[in-house]
Amino acid sequence: MALTNYRPKLAIVYASVTGNTEQLAEMLQEAALEQGLRTELYRVEEFPLSELSSCDGVLIGTYTWGSGEIPEEMQGLYQAVEELDRKQLQTAVFGTGDSFFAEFCGAVDRFRDMLYVKTQLIATLKVELMPQPSDAIRCEKMVKLIKPRTS
């Protein structure tokens, strides 16, 4: 039975220090809303981890700290997704960084590796420093990969 009226529920959860990852999260939200997805944008500290089980998709945005580490405020989300082990949950990870550093967007890579094992990882998006208007196309392509649940 096709669920033609079903609109996937998407959470975009991010942490940002400089505002670059926040700007990228907002671009993703705009692309998702244009696609008709039920979308909520959350700073990581405002996201109720209990929502993970009711989402079709979670897009995770992170900056990178130190030598490629996941920022402290993202640790709880990382652990919650890792423990959830919900293969049907569609996920993507995005972030901004500076390629001057040896581990460009290292936190994005660390999330990606865990999401690949624990969820249905659909995409990874890394942006050099501040998002540009041309990154909107990349955001649209990422969001188009989110598919409705079939059961």
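Residues numbered from 1 in each chain as written. Predicted model: local features only at pLDDT ≥ 70, side-chain atom pairs only at ≥ 80, totals over all residues. Heavy atoms only, no water.

A. How the structure looks around the nonpolar core. By size, the foremost hydrophobic cluster in this structure holds 25 residues, and its most contacted members are Val13, Ile60, Met74, Leu77 and Phe111. Elements that contribute at least two residues to this core include exactly β1 (9-14), β3 (57-61), α2 (75-84) and α3 (106-118). Considering every element that reaches this core, the biggest residue donor is α3, with five residues. Among residues more than four places away in sequence, those in contact with Met74 are Tyr14, Ala15, Val44, Ile60, Gly61, Thr62 and Phe111. (Core = buried A, V, L, I, M, F, W, Y, C linked by side-chain atoms within 4.5 Å. Buried < 20%, exposed > 50% of the residue type's maximum accessible area, 1.4 Å probe, protein only. Helix = DSSP H or I, 4+ residues; strand = E, 2+ residues; numbered from the N terminus. Contact = heavy atoms within 4.5 Å.)

B. Inspection of the layout of surface pockets at higher detail. Taken as a whole, the largest pocket holds about 340 Å³ of empty space. If you go around the largest pocket, you meet 17 residues; those closest to its centre are Thr64, Thr96, Gly97, Asp98 and Phe101. When contributions to the lining of the largest pocket are tallied by element, the ones reaching two or more residues are α1 (20-34) and β4 (90-97). Class assignment for the residues of the lining of the largest pocket results in seven nonpolar, eight polar and two charged. (1 Å grid on protein atoms, 1.4 Å probe; cavity = no way out; pocket = protein on both sides within 12 Å on 5 of 7 lines; lining within 4 Å. Points joined across faces, edges and corners; volume = space filled by probe spheres on them. Nonpolar A, V, L, I, M, F, W, Y, C, P; charged D, E, K, R; others polar.)

C. Representation of α2 within the structure. Within α2, burial applies to Leu77, Tyr78, Ala80 and Val81. The buried residues of α2 occupy an angular sector of 165 degrees when projected down its axis, which confines them to one face. Once α2 finishes, Asp85 follows within two positions and takes phi at roughly 50 degrees, a positive value. (Arc of directions from axis to C-beta.)

D. Up close: α3. Taking 1.5 Å per residue, 13 residues should reach 18 Å; α3 reaches 19 Å between its end C-alpha atoms and fits that length. The secondary structure elements touched by the buried residues of α3 are β3, α2, β4 and β5 (120-128). (Expected span 1.5 Å × (residues − 1).)

E. Geometry of the sheet that holds β3. Spatially, the five strands line up as an open sheet ordered β2-β1-β3-β4-β5, and their pairing is parallel. Two strands in the sheet have a free side with no partner beyond their single neighbour: β2 (38-43) and β5. The average undirected angle you get between the axes of adjacent strands in this sheet is 15 degrees. With five bridges joining them, β3 and β4 adopt parallel strand pairing. Bridging from a neighbouring strand, Gly61 pairs with Phe94 of β4. This element, helix α4 (residues 135-144), spans β3, β4 and β5 of the sheet and lies at about 175 degrees to β5. (Pairing = 2+ DSSP bridges. Axes fitted to C-alpha atoms, helices over the stretch in contact; angles between N-to-C directions.)

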